[in-house]
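One letter stands for each residue in the lines below.
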Amino acid sequence: MSETQFIDTYRDGFVAHLEAHTPMTEPQNLYAPIQYILGLGGKRLRPILTLMTAEIFGGKAEDAMDAALAVEMFHNFSLVHDDIMDDAPLRRGKVTVHEKWDLNTGILSGDAMLILSYQFFESYPPEMYKELTSLFSKTAIEVCEGQQYDVDFETRDDVTIPEYLKMIEYKTSVLVAAAMKMGALVAKAPQKDADAIYEFGRNLGIAFQLQDDYLDAFGDPESFGKQVGGDIRENKKTFLYLKALEKANKQDKESLLHLYSIKPEDSTAKVEAVKSIFVESEAVGETKEAISAFTQKAFDELEKIDLPKESKALLKKFGEDLMQRTV
C-alpha cells in the first residue's frame, strides 16, 4: 500500500466516524451549521495524525477515533469564529457559516462545537480522559492566545520575529502537536515518546505555517487555491515581511512600510512591488532556510523515539511531503 492509499484509508475511516457522530437534532439552526462546516471537507490533516500516531505506537486507530473527532471539531469551531473575526466571506471556496446564516448563529454554533469536542473524550477511561482533556485545554487556550496575538499584530509596528514565531506556534502548530500526542496517549506510549512526538508535530507545524506564508506570496494560484498575495493585500506582517524589514536597504524599507500602510482598490502593482522587495532583501532565502530548520528540528525529535525504522520512515515521509507541497 502506498503512503497516499495509507493516508486515504485513515481519512475514509475518520470521515465515516465523523458522519456517524455529528448530531443532527433540534434546534436545526444550531446543528445544521455544524454539519455544514464539517462537511466542507479539507485535508483532515489533524485527525489523520492522531490515528496514524496511535497505530505507530502500537495502538488501534479505532481507539483513537473519538480523540481525532475532538481535534477536528475544535479545529472547525476555531475556523467558524476566526471567519467571524476576519469578516471572511469564503471558507474552502464556500460561503462561511456567519454569511450563510447570520452572526449570532455563527457564534452559538461555534460555542456548541467547542462543547461537543470535549464530550468526545468521555468515551475514554478516567485516567486517560484526564490526560487527554488536560492536553486539550492547554492547547485550546494557546490557540486563543495565538489568535489574540494575530489580532494585536495588525495594529502594531514593532512586531519581532520571535513574537511572530510564537504567534504561529500557538495559532497553528500546537494543535498539530496535540493531535499527535493524543494518538500516543491513546496507545499508552511512554511519556518521553509522547513528549517527543509532540515536539515533532510542533516544529513541523511551524515549518508548515512558514511555508504557507511563502506560498501565499510566491505559490502557483492554480494549485494554491487562494488568491496569491492575499497576505500582502491585507498588510499581514508575515515572516517574509519581518525578514524583509530587517534585511532591506533604507530605501526599500521605507517603500515597504509605505506599501503596508495602504490598501489600494487594485492591489496588483502593490503585490508585485512588495514581492520584489522580498526577493531583493533576501527575505525569501531566509524564509526558506527557516522552513528547512524547523523541518530538521522535527526530524531530530523523531530520532529520540524508540520506534521501528519503518514507522520513523513513515512519519519522516509525511513531513517531507508536507514540506514539498505547492498547495
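Residues numbered from 1 in each chain as written. Predicted model: local features only at pLDDT ≥ 70, side-chain atom pairs only at ≥ 80, totals over all residues. Heavy atoms only, no water.

Caption draft 1: Representation of the packing of aromatic side chains within the structure. Throughout the structure, instances matching the rule amount to eight aromatic pairs. Each ring, one from F74 and one from F136, has its centre 5.5 Å from the other, and the planes form 75°; the classification is edge-to-face. Residue F74 is located in helix α4 (residues 65-86), and its partner F136 is located in helix α7 (residues 126-154); the two are separated by 62 residues in the primary sequence. Comparing F74 with F136, the two get one shared label, buried. With a centroid separation of 5.0 Å and 75° between ring planes, the pair formed by Y118 and F136 is classed as edge-to-face. Pair noted here: Y118 is in helix α6 (residues 103-119) and F136 is in helix α7, with a separation of 18 residues, a long-range link. Taken together, the aromatic side chains of F74, F77, Y118, F121 and F136 make up a single cluster linked through ring pairs. The ring of Y36 is capped by K100, whose NZ or CZ atom sits 5.2 Å from the centre of that ring. In this structure, K100 is placed above the aromatic ring of W101, and the distance from its NZ or CZ to the ring centre is 5.5 Å. (Phe/Tyr/Trp six-rings, centres within 6.5 Å; stacked < 30°, edge-to-face > 60°. Helix = DSSP H or I, 4+ residues; strand = E, 2+ residues; numbered from the N terminus. Buried < 20%, exposed > 50% of the residue type's maximum accessible area, 1.4 Å probe, protein only. Lys NZ or Arg CZ within 6 Å of the ring centre and 35° of its normal.)

Caption draft 2: Seen up close, the nonpolar core. In this structure, M52, I197, F200, L210, L256, F278 and L315 are the most contacted members of the largest nonpolar core, which totals 107 residues. The dominant element in this core, judged by the number of residues it contributes, is helix α8 (residues 161-186), at 17 residues. Beyond its immediate stretch of four places on either side in the chain, I197 contacts T53, F57, M180, K181, A184, L302, I305 and L315. (Core = buried A, V, L, I, M, F, W, Y, C linked by side-chain atoms within 4.5 Å. Contact = heavy atoms within 4.5 Å.)

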